[in-house]
Amino acid sequence: MKVLVVDDREENRAILQVKLKAHGYESETAGNGAEALAMLRDRPFVAVIADLLMPVMDGYQLTHAIKSDDRIKDVPVIIYTSTYTDPKDEALARNLGANAYLLKPATDEKFFALLTDTIARAARGELPSLPVSQDEVQRLRDYTARLIHKLEDKIEEVSTLNATLEQRVAAATAELREANAELETYVNTATHDLRAPLRAIEGFSALLREEGERMPAEDRRRLLGRIEASAAQMQRLMQDLLDYSRLKQREIVVEKVALSEVVREALARIGPEIDRSHAVVEVSPRLPDVRGVAPILVQAVANLFSNAIKFVAPGARPKVAVSAERQGETVRLAIRDNGIGIAPDDRPKIFRVFERLHDPTLYPGTGIGLASVKRAVTKMGGDLGFESEPGRGSVFWIELPEA
Ligand code: ADP
């Protein structure tokens with residue numbers, strides 16, 4: 001006493017089989033009408049539940065084949081479909097001999113009431129047998145009409161899809177153009193900044209070549225020192241640029257990170273700068289855990305520490321205070337300094353690449369640090385900001401989701 005489920009989609013077959021079993025029905029399945037027909041001719045089934053749209057042999061053809069075969073025409077056919085929802089679809093299916101027609105998804109209650117009833121009526125011989133004299137030509141015509149109708153629906157679907165696709169291509173192209181323009185500006189500024197130390201090296205070397213022999217040894221040493229410093233600056237610039245652009249490509253996985261560890265490592269990384277400047281660093285004893293990527297966060301925090309120590313008035317002793325507080329679901333790590341501060345007019349520039357707001361001879365750097373920090377924090381799903389009063393210091397903060 002098995003039910004035969006005919007559907008071209010594996011998941012539909014599996015779901016239906018589980019439900020049938022739960023309601024006490026044994027079942028077998030077939031992926032299309034032809035397979036089903038072979039099974040029906042081979043062994044007994046109490047009912048066929050068939051989808052309409054299937055490859056090889058669809059539900060209409062299957063129904064017609066069952067109902068025209070004397071050996072199996074008494075097996076009731078239930079059409080269960082979500083693709084053919086037009087009343088004309090049902091009319092055709094019934095005309096071909098389908099005994100019941102149900103739209104997907106139907107409630108289990110409705111589905112099993114119909115199944116039980118159909119099987120019972122078939123057993124009592126109550127299901128109408130098809131008038132075999134039916135006009136075959138008319139049936140074929142109806143069938144073709146239904147198929148064409150479906151085809152038109154599919155064509156419409158495809159052309160809508162096409163239109164959305166075209167829209168998406170246009171949007172992606174615009175985005176690409178914008179990225180390209182951004183890249184161009186970036187390369188222009190990069191070359192400009194990279195040229196400065198090169199020009200210095202060229203100039204000092206020429207001076208040495210032309211005047212070196214006449215110069216006191218001390219001046220020569222000073223010039224060589226400046227050449228070395230320019231080369232070092234060039235190295236820094238390239239390293240920073242590389243870090244900055246790698247950050248963009250890098251795939252990241254955020255996880256739980258202890259801020260206390262991050263701060264400890266960042267301070268260790270800039271140890272020599274702290275020693276040289278005799279900076280006083282105060283770290284609040286309890287720092288919460290956040291969600292982020294430890295090495296990226298360490299680099300970002302080290303950058304902020306380095307700035308906090310660097311941008312102080314000449315001769316002043318840097319003081320840095322590190323604290324963190326929970327704000328709802330996020331944690332804000334704050335790094336406060338007693339430095340020279342940032343003028344309100346400069347606020348919008350500060351996170352741009354190569355942007356440097358203070359005299360570069362007093363405050364060496366590359367202008368890439370904060371842009372990198374911004375990129376890193378954004379990438380980790382956080383936020384970066386600052387408050388500052390010129391002459392009275394600044395607070396830079398990083399906000400990240402709490403772990
Ligand atoms: P760099 O430190 O290499 O110059 P950054 O991108 O780190 O570059 O910073 C950009 C500019 O922002 C700095 O040149 C400086 O003018 C300003 N700045 C950054 N941090 C501070 C700070 N803590 N106090 C005052 N100015 C700062």
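Since the structure is predicted, the reported quantities are computational estimates derived from the model, not experimental observations.

Observations concerning the sheet that holds strand E7 (residues 280–283)
Now for step 1: Pairing is mixed in the open sheet, where five strands are placed in the order E7-E9-E10-E12-E11. Sheet topology places E7 and strand E11 (383–389) at the edges, where each strand pairs with a single neighbour. For this sheet, the mean inter-axis angle between neighbouring strands, taken without regard to orientation, is 15°.
Now for step 2: Pairing of strand E9 (residues 319–327) with strand E10 (residues 330–337), which is carried by eight bridges, proceeds in the antiparallel orientation. Among the inter-strand pairings, Ala324 is bridged to a residue of E10, identified as Leu333.
Now for step 3: Helix H11 (residues 369–379) rests against E11 and strand E12 (393–401) of the sheet, and its axis sits at about 140° to E11.

Examining helix H6 (residues 136–211)
Now for step 1: Here H6 contains 76 residues, and its C-alpha end-to-end distance of 109 Å stays within 8% of the 112 Å for a straight helix at 1.5 Å per residue.
Now for step 2: Maximal helix bending in H6 amounts to about 25°, located at Ala196; proline Pro197 follows within four positions.
Now for step 3: Every buried residue belonging to H6 is among Arg139, Tyr143, Arg146, Lys150, Ala190, Asp193, Leu194, Pro197, Phe204 and Leu208, and all of these are buried.

Notes on the pairing of strand E8 (residues 289–292)
Now for step 1: Of the two faces of E8, only one is covered, namely that formed by Val290 and Gly292; the face formed by Asp289 and Arg291 stays uncovered.
Now for step 2: Bridge count for strand E6 (residues 255–258) against E8 is four bridges, and the pairing is antiparallel. From the neighbouring strand, Lys256 faces E8, where its bridge partner is Arg291.

Considering the layout of surface pockets
Picture a little ball the size of a water molecule; that probe, rolled over the atoms, points out where space is still empty.
Now for step 1: When its volume is computed, the largest pocket comes out at roughly 1,200 Å³.
Now for step 2: The wall of the largest pocket is formed by 50 residues, among which Asn303, Ser306, Asn307, Lys310 and Gly369 lie closest to the centre.
Now for step 3: Put simply, the parts of the chain that give the lining of the largest pocket at least two residues each are helix H7 (217–249), helix H9 (271–277), helix H10 (294–310), H11 and E12.
Now for step 4: With eleven residues, H10 is the single largest residue contributor to the lining of the largest pocket.
Now for step 5: By residue class, the composition of the lining of the largest pocket is 23 nonpolar, 14 polar and 13 charged.
Now for step 6: The volume enclosed by the second largest pocket comes to roughly 610 Å³.
Now for step 7: Lining the second largest pocket are 21 residues; nearest its centre among them are Ala196, Gln233, Arg356, Pro360 and Gly365.
Now for step 8: For the lining of the second largest pocket, the element with the highest residue contribution is H6, accounting for seven residues.
Now for step 9: A breakdown of the residues in the lining of the second largest pocket according to their chemical character gives ten nonpolar, six polar and five charged.

A look at the packing of helix H2 (residues 33–42) against helix H3 (residues 59–67)
Now for step 1: Two elements in contact, H2 and H3, have axes whose closest approach is 9 Å; the angle formed by their N-to-C orientations is 20°. Between H2 and H3, the angle falls in the class roughly parallel. Viewed along their axes, H2 and H3 form a crossing whose handedness is right-handed. Across the interface between the two elements, Gly33, Ala36, Leu37 and Leu40 from H2 touch Leu62, Ala65 and Ile66 from H3.

Re empty space enclosed by the protein
Now for step 1: All told, the structure shown has one cavity of 30 Å³ or more when counted by the stated rule.
Now for step 2: Each pocket or cavity is described by its volume, and for the largest cavity that value is around 30 Å³.
Now for step 3: Lining the largest cavity we find Leu304, Asn307, Ala308, Ile335, Asp337 and Phe396.
Now for step 4: Elements supplying a minimum of two residues to the lining of the largest cavity: H10 and E10.
Now for step 5: Among the elements that line the lining of the largest cavity, the one with the most residues is H10, at three residues.
Now for step 6: In terms of residue class, the lining of the largest cavity is built from four nonpolar, one polar and one charged.

Structural notes on the environment of Ile398
Now for step 1: Along the polypeptide, Ile398 turns up in strand E12.
Now for step 2: Owing to a relative accessible area of 2%, Ile398 belongs among the buried residues under this scheme.
Now for step 3: Every residue in contact with Ile398, bar those within four places of it in the chain, is listed here: Ala300, Val301, Leu304, Val331, Arg332, Leu333, Val377, Asp383 and Leu384.

Things to note about the nonpolar core
Now for step 1: Judged by nonpolar contacts, the single largest core of 40 residues is most densely connected at Leu297, Val301, Leu304, Phe305 and Ile398.
Now for step 2: For this core, the elements supplying multiple residues, two or more each, are helix H8 (259–269), H10, E9, E10, H11, E11 and E12.
Now for step 3: Discounting chain neighbours no more than four positions away, the residues touching Leu297 are Val257, Leu259, Val262, Val290, Met380 and Leu400.
Now for step 4: Counting 28 residues, the second-largest nonpolar core is a separate cluster that includes Ala30, Ala36, Met39 and Ala65.

Reading the values: rules and limits
- Residues numbered from 1 in each chain as written.
- Predicted model: local features only at pLDDT ≥ 70, side-chain atom pairs only at ≥ 80, totals over all residues.
- Heavy atoms only, no water.
- Pairing = 2+ DSSP bridges.
- Helix = DSSP H or I, 4+ residues; strand = E, 2+ residues; numbered from the N terminus.
- Axes fitted to C-alpha atoms, helices over the stretch in contact; angles between N-to-C directions.
- Contact = heavy atoms within 4.5 Å.
- Expected span 1.5 Å × (residues − 1).
- Bend = angle between axes of the 7 residues up to and from the residue.
- Buried < 20%, exposed > 50% of the residue type's maximum accessible area, 1.4 Å probe, protein only.
- 1 Å grid on protein atoms, 1.4 Å probe; cavity = no way out; pocket = protein on both sides within 12 Å on 5 of 7 lines; lining within 4 Å.
- Points joined across faces, edges and corners; volume = space filled by probe spheres on them.
- Nonpolar A, V, L, I, M, F, W, Y, C, P; charged D, E, K, R; others polar.
- Parallel < 35°, antiparallel > 145°, perpendicular 65-115°, else oblique.
- Left-handed = near helix turned anticlockwise from the far one by under 90°.
- Core = buried A, V, L, I, M, F, W, Y, C linked by side-chain atoms within 4.5 Å.

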